[in-house]
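Structural characterization, general
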Amino acid sequence: MIYICIPALDEAPTVGVLLWRIRQVMTEFRRDFHIIVLDDGSTDGTSEVLAPYGRVLPLTLLRNEQPRGYAAALEQVLREAVSRSTHPKRDTVVVLQADFTEPPDEIPALVKRLEGGADVVGSTLGSVQGEVTRGMRWSRRGLPWLLSGAALPREGGDPFLGFRAYRVQVIRRALQDREGAPLLTSQGWAANAELLMRVAPHARRADQAPVEIRYTRRERATRFEPWAALRETWALARRAPRRGPATAAAADPAPAVAATPIPAEAAEPVPTEGRPPRRRRKRGNREGNIQDRPEE
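What you see is a predicted model, and the numbers here were worked out from it, not measured in a lab.

**Some points on the side chain of Ser 123**
- With respect to the helices, strands and loops of the structure, Ser 123 is situated in strand E5 (residues 120–129).
- Residue classification places Ser 123 among the buried residues on the basis of a relative accessible area of 0%.
- A distance of 2.8 Å separates the side chain of Ser 123 from the backbone oxygen of Phe 163, its partner in a polar contact.
- Once residues within four sequence positions are removed from consideration, Ser 123 is found in contact with Gly 156, Gly 157, Asp 158, Leu 161, Phe 163, Ala 209 and Val 211.

Given below as structure tokens:
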């Protein structure tokens, strides 16, 4: 089963189109799927847009009366998927944004990599359609540097992109590690990186796939705030587990070490004083064969 998890806040113009496109993609992909959408206190009619889709799609609708924030909403849909899964070692969770900027067409590519043996499949930024603010451009360049020493799988793609696929088992184990405490404490982009950090100890293998982000599809202003993202990422970096020697070696293989040059004086042959070099002569054995024997 593939659980497609979508946290939504004031996404009435796009969430319906997104669900319809997911239906088309998954019909062609021929996998069992279930969509979980959380309306996190929307006031723009998102709930009214979602209601009719419950009659034509395998869909679970959740709602918070008051907005709880992206991290809490993301964790809520993940917990719902984990509680529904009957085969956590085989079942998959795909996280998708409700603003339709992340392409549902790439869901099969992520899932196929999980079917190939990965436990986490992230996305890398292949291309971007639409205007990108200066703050977002600088953040994409600088924020990953803050997490360069954190214990994150380098093969897991961009840690700040939320479009990912997870094996349900790794999310379940990450929740168990927290022993009832919230899984995610960061907001915005940092929440996506924190989720990757939480599941990393339980992921035997990570993979990635390129995606095209289409900001031209978004019908609202961006909610990205560069300074807030910087503060959240800095706080996450300070408390994140550090990359160990084994992890660092796997992520960044060290270059081959050049052989230590031998000093010229050490390379010259050392003469043997008072003793001529030994010569070899032939002698026969009992069978009449000739053997080499050093001359005494």
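**Considerations on the packing of aromatic side chains**
- If you walk through the whole model with that rule in mind, you get 1 aromatic pair.
- Here Phe 160 and Trp 189 contribute two aromatic rings whose centre-to-centre distance is 6.1 Å and whose plane-to-plane angle is 40°, an arrangement assigned as tilted. Of this pair, Phe 160 sits in the loop between helix H5 (134–146) and strand E6 (164–167) while Trp 189 sits in helix H7 (residues 189–199), placing them 29 residues apart in sequence. Of the two residues examined, Phe 160 and Trp 189, each falls in the buried class.
- Lying across the ring of Phe 29, Arg 31 places its NZ or CZ 4.2 Å from the centre.

**Structural notes on the pattern of salt bridges**
- Going through the model one piece at a time under the given rule, you end up with 16 salt bridges.
- Across the pair Arg 63 and Glu 65 runs a salt bridge whose closest N-O atoms are separated by 3.7 Å.
- Judged by relative accessible area, which is 60%, Glu 65 ranks as exposed.
- With a shortest N-O distance of 3.0 Å, Arg 214 and Glu 212 are connected by a salt bridge.

**Some remarks on the packing of H5 against helix H8 (residues 226–239)**
- The contact between H5 and H8 brings their axes to 10 Å, and the two run at 5°. As far as their axial angle goes, H8 and H5 are roughly parallel. Here Gly 135, Ser 139, Leu 143 and Leu 146 of H5 come into contact with H8, specifically with Pro 226, Ala 229, Leu 230, Thr 233, Trp 234 and Ala 237.
- Partitioning the contact of H5 with H8 into residue classes produces 7 nonpolar, 3 polar and no charged.

**Details of the layout of surface pockets**
- Within this model, the largest pocket holds a volume of roughly 900 Å³.
- Lining the largest pocket are 36 residues; nearest its centre among them are Tyr 70, Gln 97, Gly 188, Trp 189 and Arg 223.
- Mapped onto the lining of the largest pocket, the elements with two or more residues apiece are strand E1 (2–8), helix H3 (70–84), H5, H7 and H8.
- By residue number, the principal contributor to the lining of the largest pocket is H8, which donates 4 residues.
- Taken together, the residues that form the lining of the largest pocket break down as 16 nonpolar, 8 polar and 12 charged.

**Considerations on the side chain of Thr 233**
- Turning to its location among the elements, Thr 233 is positioned in helix H8.
- According to the relative accessible area criterion, Thr 233 is buried, its value standing at 0%.
- One polar contact links the side chain of Thr 233 to the main-chain carbonyl oxygen of Ala 229, over a distance of 2.7 Å.
- For Thr 233, the contacting residues outside a window of four places in its chain are Leu 143, Leu 146, Leu 147, Phe 160 and Ala 190.

Conventions and cut-offs
Residues numbered from 1 in each chain as written. Predicted model: local features only at pLDDT ≥ 70, side-chain atom pairs only at ≥ 80, totals over all residues. Heavy atoms only, no water. Helix = DSSP H or I, 4+ residues; strand = E, 2+ residues; numbered from the N terminus. Buried < 20%, exposed > 50% of the residue type's maximum accessible area, 1.4 Å probe, protein only. Polar contact = N/O pair within 3.5 Å; in protein donor to acceptor, adjacent residues only side chain to side chain. Contact = heavy atoms within 4.5 Å. Phe/Tyr/Trp six-rings, centres within 6.5 Å; stacked < 30°, edge-to-face > 60°. Lys NZ or Arg CZ within 6 Å of the ring centre and 35° of its normal. Salt bridge = Lys/Arg side-chain N within 4 Å of Asp/Glu carboxyl O. Axes fitted to C-alpha atoms, helices over the stretch in contact; angles between N-to-C directions. Parallel < 35°, antiparallel > 145°, perpendicular 65-115°, else oblique. Nonpolar A, V, L, I, M, F, W, Y, C, P; charged D, E, K, R; others polar. 1 Å grid on protein atoms, 1.4 Å probe; cavity = no way out; pocket = protein on both sides within 12 Å on 5 of 7 lines; lining within 4 Å. Points joined across faces, edges and corners; volume = space filled by probe spheres on them.

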